[in-house]
Every structure is written in structure tokens, then in C-alpha cells.
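What follows is each chain in one-letter form.
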Amino acid sequence: MRIYQEADYEAMSRRAAGIISAEVIRRPNCVLGLATGSTPIGTYQNLIEGNKSGAYSFKEVTTVNLDEYKGLAPTHDQSYRYFMQHNLFDHIDVMPENTNVPDGLAADADAECARYDQLVASLGYADLQLLGLGRNGHIGFNEPGPAFVKETHVVDLTESTIDANARFFASADDVPRQALTMGIGVIMAAKRILLIASGSDKADALYAAICGPITPDCPASILQLHSDVVIVADKAALSKVTAAGVSVCE
Ligand code: F6R
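Since the structure is predicted, the reported quantities are computational estimates derived from the model, not experimental observations.

K.L.:
I'd like a rundown of the pairing of strand β9 (residues 193-197), residues and numbers included.
P.N.:
Most of β9 is tucked away: five of the five residues are buried. In β9, alternate side chains face the same way, and those of I193, L195 and A197 on one face and L194 and I196 on the other are all buried. Pairing of strand β6 (residues 128-131) with β9 involves three bridges; the strand directions are parallel. Across the sheet, residue L130 finds its bridge partner in β9, namely L194. Bridging between β9 and strand β10 (residues 229-234) involves five bridges; their strand directions are parallel. In the strand pairing of β10, L195 is matched with I231. With respect to chirality, the unit in which β9 leads through helix α7 (residues 203-211) into the neighbouring parallel β10 is right-handed.

This is the structure:
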């Protein structure tokens, strides 16, 4: 596990975009696993700028997103499909048909999860999977629980996640209570994983993920078992990790 400590959100975003763009340059037809949320927005802005400048192209890239709210249409402004269009896909030269997000409106959500697993497997899994980190240690929408769930599945969101995401909705009551999420096994099948985190509200979760026991109480702790993980985080998010004496690259 290599940990890059950056001064702030902007520097974290530049570093993360640099790692993703290096993958795209090295392997123009790579499979990128993508995340939503506040954390990757700056990373995506950097990727848009690089693509517009002609430094690299996403024409041959395939993307697979981690998750989607159950019950939200792709056109709903809080759906993760909408987020991806608005924050990345509409501004880069990726082929629309090569972008994949679970279908939150599928009549049979379990069948949609199985379809998504087959799709990601048929692509050979992500070459590089980008992850954000929940304040409770979740990755994708794999919430703390009694066991790691391997496959893509429908999950009940925890109160902590509903509270954290309420800022995007008119009220906490409007936050969907369920989501479809890539399972831990699918995430761990990615050849390389890039986790990004910013801000002091991620410090406890990042500490637990890196320094704590490997436990489904902190789903991100499973990343300790992956052979190629890069963490890019700012000083505030890494404060507890560095205080524990873990060495980081600057
Ligand atoms: C989103 C996702 C979530 C977020 C996490 C952090 O696709 O998979 O795990 O990465 O909730 O969200 P932010 O970045 O908003 O703090």
C-alpha cells in the first residue's frame, strides 16, 4: 500500500488525476472503475482539462461505476448516472455506450446486480478502480456489517450514510434508503485500486482502513489484503495515520 499525502483537496485531486491519466496513457483501452460523491469531483475536473488539452483520450476506455441509488432514474439530478454525466462523461471523449452504471430503476434489482457482475467480469474487472471513503469506512455502498458481501447487491443505507448524503437532497427524508453496489469481491478483483480521501471527517475512517484490523466493521480495511493499492489523501484526512507513525510519500 503506497500512501501519498497531499497538502489539500486541490493537490489530492491533481495527484489522483495524474495516476488515472497515466493508466489511460499506458493502456488506452483500459477499464476504469469510477466513484461518485464530493471527493472525486476535483479529480474529474483535472481529467476533463487533460482530455480537452489533448494530453490523452478516453475514446477506447470503458468505465464501470460502483453504485447507484435504488429507485432513482438516470435523469434524476441526484442519481449517480446523472452525476457522472454532469461531472465527467459529458465533458470528455468517452463513448457513451462504454460507460456503465447500475440501473437504479431495474424492476428486478437482484437480476440487475447479477447482470452487472457478469458485465464487470466479462470486461476482465477494472484495471484501475477509484474509490472514495465513507465516514463509516464504507467503499462503494458496502456498509459496515456482519460480513463482507462479495457480489454486487442491494444494500440498506445506514443512518450515517443517509445523514452524510442528505446535503445533496432537499431533506434527509428524500435520500433513498437503498442502493445497488458493487460487492467487495468485485472491487477487490480490480488490478489496481486508488482510494482518495479529503478532510478531517475522514480521519477516523482512513485510520481504521489503514491501521485497524481487517473487519467488515470497516469495509475499507479489506484493502489491506490487495496487492496494489494507492491512497491519495490530504493532511487532514491522514492526520491520525501520520500521528500513528505510518510513513507516507509527499
Ligand atoms: C460513491 C461511493 C461512496 C463515496 C463515499 C464518500 O460512488 O461509492 O462510497 O465514495 O460515500 O463520499 P464523499 O466523497 O461524498 O465523501
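K.L.:
How would you summarise α7 if you had to cite specific residues and measurements?
P.N.:
Residue pairs spaced three or four apart in an α-helix point in one direction, given the helix's 3.6 residues per turn. Turning to α7, its buried residues are A203, A205, L206, A209 and I210. Projection of α7 onto a plane perpendicular to its axis shows the buried side chains occupying an angular sector of 165°, all on one side. Looking at the buried residues of α7, the elements they touch are β1 (2-6), β9, β10 and α8 (235-243).

K.L.:
Which residues make up the packing of helix α2 (residues 41-52) against helix α3 (residues 80-87), and what are the values?
P.N.:
Close contact between α2 and α3 brings their axes to 10 Å; oriented N to C, the two are set at 40°. Judged on the interaxial angle alone, α3 and α2 are oblique. On α3, the residues that touch I41, Y44 and I48 of α2 are F83, M84 and N87. Its residues placed into classes, the contact of α2 with α3 shows five nonpolar, one polar and no charged.

K.L.:
Kindly report on the site of the ligand, identifying the contributing residues and their values.
P.N.:
In the vicinity of the ligand, 14 residues are found, and the nearest of them are T39, D67, H138, G140 and K202. Here an oxygen atom of the ligand sits 2.8 Å away from a polar atom, N or O, in the side chain of T36. S38 has a polar backbone atom sitting 2.8 Å from an oxygen atom of the ligand. Looking at the shell around the ligand residue by residue, the class counts come to three nonpolar, eight polar and three charged.

K.L.:
Describe unusual backbone geometry, listing the residues and the values that go with them.
P.N.:
Even without being glycine, Y125 reaches a positive phi, approximately 70°. Looking at the element boundaries, Y125 is found in the loop between α4 (109-122) and β6. Under the relative-accessibility criterion, Y125 is labelled partly exposed at 27%.

K.L.:
Let's hear about the pairing of strand β8 (residues 178-181): which residues, and what values?
P.N.:
In terms of strand pairing, strand β4 (residues 67-69) meets β8 through three bridges, oriented antiparallel. In the sheet register, E68 faces β8, and the bridge partner there is L180.

K.L.:
Pulling in residues and values, what's your account of the packing of α7 against α8?
P.N.:
The interhelical angle for the contact between α7 and α8, taken along N-to-C directions, is 45°, at an axis separation of 8 Å. Considered as vectors, α7 and α8 are oriented oblique to each other. Read as a crossing pair, α7 and α8 show a hand that is right-handed. Here α7 contributes A203, D204, L206, Y207, I210 and C211 to the contact with α8, which in turn contributes A236, A237, L238, S239, K240 and V241.

Rules behind the numbers
- Residues numbered from 1 in each chain as written.
- Predicted model: local features only at pLDDT ≥ 70, side-chain atom pairs only at ≥ 80, totals over all residues.
- Heavy atoms only, no water.
- Buried < 20%, exposed > 50% of the residue type's maximum accessible area, 1.4 Å probe, protein only.
- Helix = DSSP H or I, 4+ residues; strand = E, 2+ residues; numbered from the N terminus.
- Pairing = 2+ DSSP bridges.
- Right-handed = clockwise from strand over helix to strand, strands pointing away.
- Arc of directions from axis to C-beta.
- Contact = heavy atoms within 4.5 Å.
- Axes fitted to C-alpha atoms, helices over the stretch in contact; angles between N-to-C directions.
- Parallel < 35°, antiparallel > 145°, perpendicular 65-115°, else oblique.
- Nonpolar A, V, L, I, M, F, W, Y, C, P; charged D, E, K, R; others polar.
- Near = heavy atom within 4 Å.
- Polar contact = N/O pair within 3.5 Å; in protein donor to acceptor, adjacent residues only side chain to side chain.
- Left-handed = near helix turned anticlockwise from the far one by under 90°.

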